[in-house]
Number of protein chains: 2
Amino acid sequence: MESRDRRRAATLAEIKAAARRLLVSGGSAAVGLRAVARELGLTPPALYRYFPSHEALIGALIADLYDELTAALMQLQTTEEVPDLGERLYLLANGLRNWGLAHPAEFALLFGTAVPTPDADDHDETPGHQAAMRFGAVFKELVAQIWHWKPFPYPPDELLGKELIAQLTQESEHFQGMPPGAIYLSLTYWTRLYGLICMEVFGQLHWVLPDAGAYFEAQLREIGEALGLDCPPAD
Amino acid sequence: MESRDRRRAATLAEIKAAARRLLVSGGSAAVGLRAVARELGLTPPALYRYFPSHEALIGALIADLYDELTAALMQLQTTEEVPDLGERLYLLANGLRNWGLAHPAEFALLFGTAVPTPDADDHDETPGHQAAMRFGAVFKELVAQIWHWKPFPYPPDELLGKELIAQLTQESEHFQGMPPGAIYLSLTYWTRLYGLICMEVFGQLHWVLPDAGAYFEAQLREIGEALGLDCPPAD
DNA sequence: AGCTTGAGTGAACAGCGTTAACTGTTAACG
DNA sequence: CGTTAACAGTTAACGCTGTTCACTCAAGCT
């Protein structure tokens, strides 16, 4: 005798499972309210008992995917107990890339063209945004750990400019007290990694590199060395 | 007495103008066949005299925007006659960023989530893709000019790895005979610039930097120096 | 047992891209 | 000059979308 709440939770999970199935097979455009309902043998209005709108359904799916990705990356760090934090970062970076390559549709939903809408006042308190923050924290915390474990040399303040230093100093508390120059390098790592993976997954590197694997490796070595981590050689 | 062809060309231009107006005011989702027709005081099927489908209309709009961006960047290089090629690259990079920040909706249409569809066989011979190639050539040619003007030091082959060197060597003819290491650095420049601008325009940097201008400047200096260009100091 | 809650349905609305058949106007040709 | 063919544009309709409202019916709680 399934309790009513359990039944509800079960169908809710089925809905999101069907939504994801459609996402994988046909891209984000294929995950429509009616299509999801069709997948479950329900009529479209039935889904409104579970989500207030189509957008909310997509939002929940996004949040789930973020959490799944976050969990996968955290597990990647902890299963094989790697003491070297630099190697952990390497695993993390490759984990994100592999996830993106293995799940391009999901990746596109999470990281493709996020905020073109300039509606400022509604602070993103959506579950998707919060899950994105949790995801970002994985990298942020590991980089901060690396800094406190083996502080890496960072560019002198004169090179970054007063204004940037001021902005980065303001973020110091969110980076566990790292100095602005170190935050700059961390941000550079994230920026380059993110851009690289997006370009590869979205196929914007095909015109010059059919297989960007080797390029990614080289870039990863470069930005790893910038953080004072000794990386494995190329060949 | 307007010739028939002229009238046709005029309405065709009006259609694309209306489409762009809708794009700017409401994002790419607002650019619908019926909305465009409404904007011109026409009925939706009338547009099928000018475009075989909604997708084709969007494609033409994309091609136009690419060409406009390309023209703006090329003009930026030639109006003020700057002999220093490094400064030209700097102007180009800033020009692309400024265009993206000034026209976020258009930028998103061009560079947001381009190729999630894994349909391989239909070689992209669409006007949009061709215009994108023309756009990319602007950067590619300038970087090649810089190389032949003042060859910059590039990482030794051992650092990049045999496979990457092999891939880059294959692209040497498309880069005016540049050695693989130099192509690698050029690619790095483009990759970092592109990723940086996308992240800023799409608002994925807001959570750490409300105004990414100073960060962009610093990054530009960094990648410029990697190409042997002496950049203006920070403050 | 009776009342309430809630999941699900059917019908409907507005909007979307697209097609077919049809109406004028306009340019071209014998 | 008059005929004809091409062409811009319309109306009506199809199937699709997200969404709302009124309704049914079974399960749960008191």
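So, here is what we can say about the structure in this document. Residue numbers run consecutively from 1 along every chain, following the written order of its sequence. Starting at A for chains and at 1 for ligands, labels are handed out in the order in which the entities are written. For a predicted model such as this one, the threshold for reporting local features is a pLDDT of at least 70, and the threshold for listing and counting side-chain atom pairs is 80 or more; totals across whole chains, interfaces and linings nevertheless cover every residue.

**Focus on the overall build of chain A**
Part 1 of the reasoning: Assigned secondary structure in chain A consists of 10 helices and 0 strands.
Part 2 of the reasoning: Helix and strand assignments come from DSSP, with helices taken as H or I runs of at least 4 residues and strands as E runs of at least 2, each series counted from the N terminus. Listing the helices and strands of chain A from first to last along the sequence gives α-α-α-α-α-α-α-α-α-α.
Part 3 of the reasoning: Over its C-alpha atoms, taken along the principal directions, chain A stretches across nearly 60 × 45 × 40 Å.
Part 4 of the reasoning: By residue count, 35% of the 235 residues in chain A fall in the buried class. Once C-beta atoms are placed from the backbone, each residue is buried if 20 or more other C-beta atoms lie within 10 Å of its own, exposed if 12 or fewer, and partly exposed for counts between those two.

**Observations concerning helix H6 (residues 127-149) of chain B**
Residues and elements named next belong to chain B.
Part 1 of the reasoning: The end-to-end C-alpha separation of H6 is 33 Å, in line with the 33 Å expected for 23 residues at 1.5 Å each.
Part 2 of the reasoning: Where H6 is concerned, the buried positions are Gly128, Ala131, Ala132, Phe135, Leu142, Val143, Ile146 and Trp147.
Part 3 of the reasoning: Whether two residues are in contact depends on their C-beta atoms, placed from the backbone: they are in contact if these lie within 7 Å. Contacts from the buried residues of H6 go to helix H3 (54-78), helix H4 (85-102) and helix H9 (180-201). Working rule for helices: expected span equals 1.5 Å times residues minus one.

**Some thoughts on helix H8 (residues 162-170) of chain B**
Part 1 of the reasoning: Listed as buried for H8 of chain B are Leu164, Ile165, Gln167 and Leu168 of chain B. End-on view of H8 of chain B: buried residues confined to an arc of 165°, all on one side of the axis. Away from its buried face by more than 90 degrees, H8 of chain B exposes Lys162 and Ala166 of chain B.
Part 2 of the reasoning: Structurally, H8 of chain B contributes buried residues whose contacts are with helix H10 (213-226) of chain A together with helix H7 (157-160) and H9 of chain B. It is the directions from the helix axis to the C-beta atoms that the arc portrays.

**Overview of the environment of Leu96 of chain A**
Residues and elements named next belong to chain A.
Part 1 of the reasoning: Mapping Leu96 onto the fold places it in helix H4 (residues 85-102).
Part 2 of the reasoning: Sequence separation between Leu96 and Ala72 is 24 residues; the distance between their C-alpha atoms is 9.0 Å.
Part 3 of the reasoning: If sequence neighbours within four positions are ignored, Leu96 has contacts with Leu73 and Ile197.

**Examining unusual backbone geometry**
Residues and elements named next belong to chain A.
Part 1 of the reasoning: In this structure, Gln176 is a non-glycine residue whose phi angle is positive, near 55°.
Part 2 of the reasoning: Position of Gln176 relative to the elements: it lies in the loop between helix H8 (162-170) and helix H9 (180-201).
Part 3 of the reasoning: Given 14 C-beta atoms within 10 Å, Gln176 falls into the partly exposed group.

**Here we look at the relation of the copies chain A and chain B**
Part 1 of the reasoning: Copy-to-copy alignment: least squares on C-alpha atoms, limited to residues at pLDDT 70 or above in both. When chain A is fitted to chain B, the best match, at an RMSD of 0.1 Å, comes from turning it 180° and sliding it 0.0 Å along the axis. Taken together, the rotation and translation describe the operation of a two-fold axis. Of the C-alpha atoms belonging to chain A, the one lying closest to the rotation axis is found on Gly195 of chain A, 2.1 Å away.
Part 2 of the reasoning: By residue overlap, the copies meet face to face through one surface: 100% of the interface positions of chain A are interface positions in chain B.

**Thoughts on the protein's contact with DNA strand C**
Part 1 of the reasoning: Here is the check we use: build the C-beta atom from the backbone, and if it is within 6 Å of the molecule or strand, call the residue near. Taken together, 18 residues form the shell around DNA strand C, and within it Gly32, Leu33, Pro45, Ser53 and His54 of chain B come nearest.
Part 2 of the reasoning: If you list the elements that add at least two residues to the surface near DNA strand C, you get helix H1 (4-26) of chain A together with helix H2 (33-40) and H3 of chain B.
Part 3 of the reasoning: Ranked by residues supplied to the surface near DNA strand C, first place goes to H2 of chain B with 3 residues.

**Some words on the nonpolar core**
Part 1 of the reasoning: Counting residues in each nonpolar core, the largest one holds 127 residues, and the members touching the most others are Ala19 and Tyr66 of chain A together with Ala19 and Tyr66 of chain B.
Part 2 of the reasoning: Contact partners of Tyr66 of chain B, with chain neighbours within four places excluded, come to Leu110, Gly128, Ala131, Ala132 and Phe135 of chain B. We define a nonpolar core as a collection of buried residues of the types Ala, Val, Leu, Ile, Met, Phe, Trp, Tyr and Cys that are connected via C-beta atoms lying within 7 Å of each other.

**Looking at the packing of H1 of chain A against helix H3 (residues 54-78) of chain A**
How two helices pack is summed up by the angle between their axes together with the distance between the axes.
All names here are of chain A.
Part 1 of the reasoning: The contact between H1 and H3 brings their axes to 10 Å, and the two run at 85°. One finds that H1 runs roughly perpendicular with respect to H3. Contacts from Lys16, Ala19 and Arg20 in H1 reach Leu57, Ala60, Leu61 and Asp64 in H3.
Part 2 of the reasoning: Tallied by class, the residues present in the contact of H1 with H3 amount to 4 nonpolar, no polar and 3 charged. Lines fitted to C-alpha atoms define the axes, with helix axes restricted to the stretch in contact, and inter-axis angles between N-to-C directions lie between 0 and 180 degrees. By definition in this entry, angles of less than 35 degrees are roughly parallel, angles greater than 145 are roughly antiparallel, angles of 65 to 115 are roughly perpendicular, and the rest are oblique. Amino acids outside the nonpolar list (Ala, Val, Leu, Ile, Met, Phe, Trp, Tyr, Cys, Pro) and the charged list (Asp, Glu, Lys, Arg) are all regarded as polar, and Gly is one of them.

**A look at the interface of chain A and chain B**
Part 1 of the reasoning: On the side of chain B, 38 residues touch chain A, which itself brings 38 residues to the contact.
Part 2 of the reasoning: Of all elements in the fold, only helix H5 (104-111), helix H7 (157-160), H8, H9 and H10 of chain A reach the threshold of two or more residues within the side of chain A that touches chain B.
Part 3 of the reasoning: Here the side of chain A that touches chain B takes 8 residues from H9 of chain A, the largest share from any one element.
Part 4 of the reasoning: Tallied by class, residues from the side of chain A that touches chain B come to 21 nonpolar, 10 polar and 7 charged.

**Section: the protein's contact with DNA strand D**
Part 1 of the reasoning: Lining the immediate environment of DNA strand D, one finds 18 residues, of which Gly32, Leu33, Pro45 and His54 of chain A together with Thr43 of chain B sit closest.
Part 2 of the reasoning: Among the secondary structure elements, those contributing two or more residues to the surface near DNA strand D are helix H2 (33-40) and H3 of chain A together with helix H1 (4-26) of chain B.
Part 3 of the reasoning: A per-element tally of the surface near DNA strand D places H2 of chain A first, with 3 residues.
Part 4 of the reasoning: Residue classes in the surface near DNA strand D are distributed as 8 nonpolar, 5 polar and 5 charged.

**Some points on the packing of H4 of chain A against helix H6 (residues 127-149) of chain A**
All names here are of chain A.
Part 1 of the reasoning: One can describe the packing of H4 onto H6 by two numbers: an axis separation of 10 Å at closest approach and a directional angle of 160°. The orientation of H4 relative to H6 falls into the category roughly antiparallel. For the pair H4 and H6, the sense of crossing is left-handed. The residues of H6 that touch H4, namely those facing Leu85, Gly86, Arg88, Leu89 and Leu92, are Phe139, Leu142, Gln145, Ile146 and Trp149.
Part 2 of the reasoning: By residue class, the composition of the contact of H4 with H6 is 7 nonpolar, 2 polar and 1 charged. Throughout, a crossing is termed right-handed when the near helix is turned clockwise from the far one, and left-handed when it is turned anticlockwise from it by less than a right angle.

**Description of the environment of Pro44 of chain B**
Residues and elements named next belong to chain B.
Part 1 of the reasoning: Tracing the backbone through its elements, the reader meets Pro44 in the loop between H2 and H3.
Part 2 of the reasoning: Look at Pro44 and you get partly exposed, because 14 C-beta atoms sit within 10 Å.
Part 3 of the reasoning: In this structure the C-alpha to C-alpha distance between Pro44 and Leu33, which are 11 residues apart in sequence, comes to 6.3 Å.
Part 4 of the reasoning: Leave out the neighbours within four places in its chain, and Pro44 touches Leu33, Arg34 and Ala37.

Shape is all these values report; function is a separate question.
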